[in-house]
Amino acid sequence: MTLSVGRVRKGWVEYVFIHASTALSKSGLPDLDYALNPYIGCYHKCSYCYARSYCRFEEPRTRWGDVIYVKKNVVDLLRAEVRRVRPGSVGLSTTTDPYQPIEALTKLTRASLEVLLRAGFKVVIQTKSPLVLRDLDILTQHSDLVEVGFTITSVDNSALRGIEVRAPPPTARVRALARVSESGIKTWVFFGPIIPGLNDNSSTIEGVVEVARETNSTLYYDWLRYKEEISNFFKTLGLSPEKYVRGRDFTSWRRSVEERLQKICRERNVTCIPAFSS
Ligand code: SF4
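Residues numbered from 1 in each chain as written. Predicted model: local features only at pLDDT ≥ 70, side-chain atom pairs only at ≥ 80, totals over all residues. Heavy atoms only, no water.

A count of helices and strands for the chain gives 10 helices and 12 strands. C-alpha extents for the chain along the principal axes are approximately 50 × 40 × 30 Å. When burial is assessed residue by residue, the chain has 53% of its 278 residues classed as buried. Long-range contacts, defined as pairs at least 24 residues apart, comprise 75% of the intrachain contacts of the chain with a sequence gap of at least 6. Each charge class in the chain was averaged separately, 40 positive and 30 negative side chains, and the resulting centres sit 3 Å apart. (Helix = DSSP H or I, 4+ residues; strand = E, 2+ residues; numbered from the N terminus. Buried < 20%, exposed > 50% of the residue type's maximum accessible area, 1.4 Å probe, protein only. Contact = heavy atoms within 4.5 Å. Lys, Arg positive; Asp, Glu negative; His and termini not counted. Charge placed at Lys NZ, Arg CZ, Asp CG, Glu CD.)

Here it is in structure tokens:
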């Protein structure tokens, strides 16, 4: 596939190759100075995904998962930007998965990693895809500058089937996480979102905590968050957004899940941290 093509359909997804104006953007996330998103939109199409609400392009936002913009000049932009800006930590990616299936062909994430790490930037990768293993050669050369996090919402492949519609199954993520960890790279598990009635039970929590323990990973957790763009998902779950955001039932639900999670982590010696302060 050539990166000069304007628009191409591959399976379920239409890829649109665009010229971006910048590669790095300022990150609003804790502990990250910059965000780098080589793609806009996400093939995995998780039903709970609110990343689309941060997307300023109408087409990938309204057809989330079915249209993906590919920033074909992102690596050229990045080469110039790393010479201009102060080195810092870069979230790769913050509003999509940097290992989209098309990354196997475009290699934009791989080339971006090379540029950033050679320039001394720290890179924090969050993914659901074993494709990250392809880049272990680069990552291990710079293991002091790299962290890799896998989102694992359950270790049971059937638990969120139909919700994480096209994401690699949890068992594949767990295997990939173990390989990254074994190669000496700092790893973490993102247990999120925790969804009422779906992955908040003790056996699911124990399964995810055990993965963190076995892979020597820190566990970050977060809750299902409401944005208008995912109101249909709330309807499917039978949740009232109003009550969910402000209701006492959900405040006490959160508290009780959090207590159980923290207790299980303490018992297994796993560092457990809320991903966001609110
Ligand atoms: S993998 Fe992440 S960015 Fe992609 S659809 Fe799922 S939650 Fe959204």
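Still to come is the rest of the account.
Interaxial distance between helix α2 (residues 74–84) and helix α4 (residues 108–118) falls to 9 Å at its minimum, and their mutual angle equals 10°. Classified by the interaxial angle, the pair formed by α2 and α4 is roughly parallel. Touching Val74, Val75, Leu78, Arg79 and Val82 of α2 are Leu108, Ala111, Ser112, Val115 and Leu116, all from α4. (Axes fitted to C-alpha atoms, helices over the stretch in contact; angles between N-to-C directions. Parallel < 35°, antiparallel > 145°, perpendicular 65-115°, else oblique.)

The subject of this paragraph is the environment of Val67. Structurally, the position occupied by Val67 is in strand β6 (residues 67–71). With relative accessibility at 0%, the residue Val67 sits in the buried group. On a C-alpha basis, the gap between Val67 and Arg7 in space is 9.9 Å, while along the polypeptide they are 60 residues apart. Contacts of Val67, omitting those with residues within four sequence positions, involve Glu14, Val16, Ile40, Gly41, Glu59 and Pro60.

Our next topic: the sheet that holds strand β9 (residues 146–151). Judged by pairing direction, the sheet is mixed, and its 8 strands sit side by side in the order β3-β4-β7-β8-β9-β10-β11-β12 without closing on themselves. Here the strands that pair on one side only, and so sit at the sheet edges, are β3 (24–26) and β12 (272–274). Direction aside, the axes of adjacent strands within the sheet are offset by 25° on average. Bridge count for strand β10 (residues 186–194) against strand β11 (residues 218–223) is 5 bridges, and the pairing is parallel. Bridge assignment links Phe191 to a residue of β11, and that residue is Tyr221. Across the sheet, helix α6 (residues 170–182) touches β9 and β10, and the angle it forms with β9 is around 165°. Packed onto the sheet, helix α10 (residues 248–267) meets β10, β11 and β12 and runs at close to 170° relative to β11. (Pairing = 2+ DSSP bridges.)

In this structure the tally under the stated criterion is 20 salt bridges. We note a salt bridge from Asp76 to Arg79, for which the minimum N-O separation is 3.0 Å. Here Arg79 and Asp76 lie together in helix α2, a separation of 3 residues that amounts to about one turn. Two residues, Arg246 and Glu242, come together in a salt bridge whose shortest N-O distance is 3.1 Å. Placement of the pair is Arg246 and Glu242 together in helix α9 (residues 241–246), with a separation of 4 residues, close to one helical turn. The exposure classification of Arg246 matches that of Glu242, with both residues exposed. Connected through salt bridges with shared partners, the residues Arg7, Arg9, Glu14, Glu59 and Arg63 form a single ionic network. (Salt bridge = Lys/Arg side-chain N within 4 Å of Asp/Glu carboxyl O.)

On to the site of the ligand. All residues adjacent to the ligand are Cys42, His44, Lys45, Cys46, Tyr48, Cys49, Trp64, Thr96 and Lys128. Class assignment for the residues of the shell around the ligand results in 5 nonpolar, 2 polar and 2 charged. (Near = heavy atom within 4 Å. Nonpolar A, V, L, I, M, F, W, Y, C, P; charged D, E, K, R; others polar.)

For the rest of this paragraph, the subject is the packing of aromatic side chains. The way to describe two aromatic rings as a pair is by their centre distance and the angle between their planes. One pass over the full model with this rule turns up 12 aromatic pairs. Summarising the aromatic geometry, the rings of Tyr34 and Phe121 are spaced 6.1 Å apart at their centres and angled 50° between planes, so their arrangement reads as tilted. With Tyr34 in strand β4 (residues 34–36) and Phe121 in the loop between α4 and β8 (122–127), this pair connects stretches of sequence that are 87 residues apart. Each of the two residues, Tyr34 as well as Phe121, counts as buried. Sitting over the ring of Tyr43, Arg166 keeps its end group 5.1 Å from the ring centre. (Phe/Tyr/Trp six-rings, centres within 6.5 Å; stacked < 30°, edge-to-face > 60°. Lys NZ or Arg CZ within 6 Å of the ring centre and 35° of its normal.)

None of this, on its own, says anything about what the molecule does.
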